[in-house]
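Residue-level structural notes
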Amino acid sequence: FAVYAAPVLLNYMSRVEALEKVIATQIALPYCSASPVCEIEAGYAAGVSDCREAIRRAGYPIEGDD
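Report on the accompanying structure. This structure is a prediction, so every number in the text was calculated from the model and none was measured. (Residues numbered from 1 in each chain as written. Predicted model: local features only at pLDDT ≥ 70, side-chain atom pairs only at ≥ 80, totals over all residues. Heavy atoms only, no water.)

Let's talk about the overall build of the protein chain
This is how the line gets drawn: Where helices and strands are cited, they refer to DSSP runs of H or I of at least four residues and of E of at least two residues respectively, numbered from the N terminus. Only protein chains enter the area calculation, which uses a 1.4 Å probe; residues under 20% of their type maximum are buried, those over 50% are exposed, and those in between are partly exposed. Per-residue and other accessible areas follow the Shrake-Rupley method at a 1.4 Å probe size, with only the shown protein chains counted as cover for residues.
For the protein chain, the helix and strand inventory stands at two helices and zero strands. Relative to its 66 residues, the protein chain shows a buried fraction of 5%. Surface exposure of the protein chain reaches about 6,100 Å², of which carbon and sulfur atoms provide 62%.

Regarding the pattern of salt bridges
Spelled out, the test is: Whenever Lys or Arg places a side-chain nitrogen within 4 Å of a carboxyl oxygen from Asp or Glu, that contact is recorded as a salt bridge.
Inspection of every chain in the model, using the stated rule, returns one salt bridge. Between Arg56 and Glu53 there is a salt bridge, with its nearest N and O atoms 3.7 Å apart. Taken together, the residues span about one helical turn, with Arg56 and Glu53 both in helix H2 (residues 40–57) at a distance of three residues. Accessibility expressed as a relative area gives 31% for Arg56, which makes it partly exposed.

Some details on a nonpolar patch on the surface
Definition in use: The patch calculation keeps residues exceeding 30% relative accessible area without a salt bridge and links them within 9 Å when they carry like charges or within 5 Å when they are nonpolar (Val, Leu, Ile, Met, Phe, Trp, Tyr).
There is a patch of nonpolar side chains on the surface, built from Leu9, Leu10 and Met13 and spanning about 310 Å² of accessible area. Relative to the helices and strands, Met13 is located in helix H1 (residues 2–23). Met13 sits in the partly exposed class, given a relative accessible area of 42%.

Brief notes about H2
Each α-helix winds once per 3.6 residues, and so residues spaced three or four apart point in a common direction. Here is the rule we go by: One less than the residue count of a helix, multiplied by 1.5 Å, gives the span that helix is expected to have.
Taking 1.5 Å as the rise per residue, H2 with 18 residues should run 26 Å; its terminal C-alpha atoms sit 26 Å apart, in good agreement. Of the residues one or two after H2, Gly59 is the one with positive phi, at around 100°.

Pasting the structure below:
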């Protein structure tokens, strides 16, 4: 069984990898730089907000979106 199953499994694994490359949508998250001028909490909140917006623009819904 293993002699038969191993090549079949490898074939399907390569097909899955090819399909993942075709359907994968890359999300470019915004560049964030730590600035001592900004407050830490405000900078974190702004970074999270920017990332959430980039995810939405890529076509993925975010929990809480209706």
